[in-house]
Amino acid sequence: MQDELAQLMAALRDSRDFETAAAATLRRMLAVADAAVAASRYAGRARVLRGIVHLRPGEAYRRLAALDVGAREVTDAGVEMPFFTSATAWRAVVEHRCAVSIDVNIGTVQPHAPDAPVTGDPGLAGFHSNESKQRFLGRHATHVCVLPLRTPAGMEGMISLEADCLAAMGQEFVWRDAGDLLQLLTDIAAPYLTALPQRPVATPEVDEFLPVVGRSMAELLPILRTFALQDETILVSGATGAGKSRLARWCHERSGRRGKPFETLDLVTVPEDLQMAELFGWKKGAFTGAVRDAPGVVARSDGGTLFIDEIDKLSLKAQAGLLHLLESRSYRPLGEGTGEKLADVRFIIGTNADLHAQVRAGRFREDLYYRVNVLPVRMPPLQDRQDEIPLWARYMVNRRHRERMPEGSARLAQEAEVLLTTSSWPGNLRQLDNIVRRAYTLAMVEHAAGTGDLVLHEKHVARALDYEQSPSSGRPLPEALRAAAQAFVGEARRRSTPLDLDYADGFRGLVLGTAIRQMGRDEAFRMLGRESLVKNRNHHKALKRELEKVDGLYKALGEEGSPFSDLLENEDAD
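Below: a short report on this structure. Everything numeric in this text was worked out from a predicted model, so none of it was measured. (Residues numbered from 1 in each chain as written. Predicted model: local features only at pLDDT ≥ 70, side-chain atom pairs only at ≥ 80, totals over all residues. Heavy atoms only, no water.)

Residues L477, L481, F507, V511, M527 and L528 make up a contiguous nonpolar surface patch of about 510 Å² in total accessible area. Contributing elements (two or more residues each) for the nonpolar patch: α17 (477-494) and α18 (506-519). The residue M527 is located in helix α19 (residues 521-527) in this model. (Patch = residues over 30% accessible without salt bridge, like charges linked within 9 Å, V, L, I, M, F, W, Y side chains within 5 Å. Areas by Shrake-Rupley, 256 points an atom, 1.4 Å probe, with all protein chains shown as cover. Salt bridge = Lys/Arg side-chain N within 4 Å of Asp/Glu carboxyl O. Helix = DSSP H or I, 4+ residues; strand = E, 2+ residues; numbered from the N terminus.)

Put into structure tokens, the structure is as follows:
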């Protein structure tokens, strides 16, 4: 044992990147597993296949590296043979903080901790799904050992070892016999695997769905490309406005469902009492106002992909319906008498909340959490992707110019890009787009002649940023209102034509739209003293009226639409 430990320590000290450390670790662990097989009753009837490092800090996948027995270098996630393990195994590793053994053919997950129960509940996510079983057997793995990758900071991932031994089906394999040494090797390697940088990746190709890819996103793309090709659920977490919906569409376009429907359901815009109807559709007469049959978003996504954003806003009742859909791949529209419809849909889930904390607080079902947390990834905030800021800004300027001017070109001055890069972006890409649109409009005002390139200078960006009032600034409301009035008057004075005072009525809609973004439609009306409109079901018309005023205000300011255009479209659809 001392030799294995000394060899591993020497190799880890010489490692300069994650891939080298992963190869060194897996090579020693596979050798230990091979020795255990040779000394067991399965000698000659079993073969160790490979080891895989799953780096998933904060429960989101970051890196995945596999080493086949006899190979010199690790491979990445793989497309033809995706190296994922069982969600149930990950759950058991996290709960028991110990290794687990998987018997693939009979579908059991056995934690190595004393007196720990064997997991074989079909209601649990992951291993008991047919996709997980077929994935293991597709790479000839009948027995798997999963070891926690533990650091002082917490659980940072796992290492899985795979073997082929039909003779051990339903029997104890060698994992427990070698378990202590395998875990010791894992613990020694953990600080290196979690701290060493990834090898530089080739600059990925960009496209219309992901037109900008910086360093941190480039490191994620290999695993995302593999996730995209699977049919299991992807959970994309990240701050509001970071680009989760764009990433979901990118995954759809790289999946086997490309060319089929891609639908988005943003739960922030859907009242709780209509969530089941929006998901599953309804039959005529199912509820007051259901004057005709209507397909839900699941039916509209048939054959394609459904992106459900802000999943934490789903009511407990609707959570039960979604859980049934994910488990059985079937659903029943509201008002349907008997029978269920089959759902041929791939799900991508988005959230900016800590779903595990929501589970502990009783606001999110634990069984649903493990159903959606199959292939988890985290979208970094824009502040952690600073190299992308000038690239996104250029893309947004060019997009805006194509919308407004079919000829000519527009660009950002270098000092303007520097100002954008050094600014804070709590609103992420959505906030950056608003600033770029505003700066573009200001530059257009000075470019009335329309000759030559349109250049957005530092002064245009600075003025656009001045309009932005951070919610965290702590400015008292009366002061903020005076500042808004001064900005309105300042804009009117800069114009050659009047800015009608009636446009100021759009402020009501801005308040209402902001409240809806934060807490949902019905709760926003109640908080703002309009509960009677909700009770009488008149709040839809009131919301549409106020949002139309916001839309008019933004168009008068040279914008294509308001920040709440999606809410207005939903009201029009209703």
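Read on, since the account is not over.
The subject of this paragraph is the pairing of strand β6 (residues 154-164). Burial analysis of β6 places 11 of its 11 residues in the buried class, the great majority of the element. In this structure, strand β1 (residues 47-55) lies alongside β6, joined through eight bridges in antiparallel fashion. Looking at the pairing, V53 lines up with I159 of β6. As defined by bridge partners, strand β5 (residues 143-151) adjoins β6 across nine bridges and the pair is classed as antiparallel. By the bridge assignment for β6, T151 is matched with G154. (Buried < 20%, exposed > 50% of the residue type's maximum accessible area, 1.4 Å probe, protein only. Pairing = 2+ DSSP bridges.)

Next up on the list: the pairing of strand β2 (residues 63-68). A large share of β2 lies buried, amounting to five of its six residues. Relative to β2, β1 is paired through six bridges, and the arrangement is antiparallel. Bridged to I52 within β2 is A66.

Further remarks concern the packing of aromatic side chains. Using the criterion set out here, one finds seven aromatic pairs in the structure. Taking 5.6 Å as the distance between ring centres and 85° as the angle between the ring planes, the aromatic pair formed by Y61 and F227 counts as edge-to-face. A residue pair is termed long-range when its members are at least 10 positions apart, and Y61 in the loop between β1 and β2 and F227 in helix α6 (residues 215-229) qualify at 166 residues. Comparing Y61 with F227, the two get one shared label, buried. Relative to W175, the ring of F173 has its centre 5.3 Å away and its plane inclined at 75°; by these criteria the two rings are edge-to-face. (Phe/Tyr/Trp six-rings, centres within 6.5 Å; stacked < 30°, edge-to-face > 60°.)

Phi is positive for R97, close to 50°, though the residue is something other than glycine. Topologically, R97 is positioned in the loop between α3 (87-96) and β3 (100-103). Look at R97 and you get partly exposed, because its relative accessible area is 40%. The phi torsion at H140 lies on the positive side, around 65°, for a residue other than glycine. Taking the relative accessible area as the measure of exposure, H140 reaches 47% and is therefore partly exposed.

Our focus in this paragraph is the sheet that holds strand β7 (residues 234-237). Within the open sheet, the five strands sit side by side as β8-β11-β14-β7-β15. Their pairing is parallel. Sheet topology places β8 (262-266) and β15 (375-378) at the edges, where each strand pairs with a single neighbour. When the angles between neighbouring strand axes are averaged without regard to direction, this sheet yields 20°. Packed on one face of the sheet, α6 meets β7, β14 (346-351) and β15 and runs near 145° to β15. (Axes fitted to C-alpha atoms, helices over the stretch in contact; angles between N-to-C directions. Contact = heavy atoms within 4.5 Å.)

So, about the environment of S409. Summarising the element assignment, S409 is placed in the loop between α13 (389-404) and β16 (410-412). With relative accessibility at 32%, the residue S409 sits in the partly exposed group. Through-space distance from the C-alpha of S409 to that of N398 is 7.4 Å; in sequence the pair is 11 residues apart. In contact with S409, other than residues within four places in its own chain, are H401, D453 and L454.

Bringing the environment of F83 into the picture now. Looking at the element boundaries, F83 is found in the loop between β2 and α3. Given the relative accessible area of 6%, F83 is considered buried. Counting along the chain gives 215 residues from F83 to V298, while the straight-line C-alpha distance between them is 29 Å.

Here we come to the nonpolar core. In this structure, I102, V146, L224, F227, I234 and W250 are the most contacted members of the largest nonpolar core, which totals 46 residues. The element that contributes the greatest number of residues to this core is α6, accounting for eight residues. Among the nonpolar cores identified, the runner-up in size contains 43 residues, and L8, V32, C165 and I188 belong to it. (Core = buried A, V, L, I, M, F, W, Y, C linked by side-chain atoms within 4.5 Å.)

This next bit is on the sheet that holds β2. On the basis of which strands lie adjacent, the open sheet formed by six strands has the order β2-β1-β6-β5-β3-β4 and antiparallel pairing. The open sheet has two edge strands, β2 and β4 (108-111), and neither has a second partner. Across this sheet, the average inter-strand angle for adjacent strands is 20°, counted without regard to direction. Note: β3 against β4, four bridges, orientation antiparallel. Bridged to I102 within β4 is V109. In the packing of helix α2 (residues 18-38) onto the sheet, the strands contacted are β1, β2, β5 and β6, and the crossing angle to β1 comes to about 145°.

Inspection of every chain in the model, using the stated rule, returns 34 salt bridges. Across the pair K313 and D312 runs a salt bridge whose closest N-O atoms are separated by 3.0 Å. Judged by its relative accessible area of 26%, K313 falls in the partly exposed class. Relative accessible area serves as the criterion here: at 15%, D312 is assigned to the buried category. Each of R399, R400, E403, D433 and R437 takes part in salt bridges that share partners, so that together they form one network.

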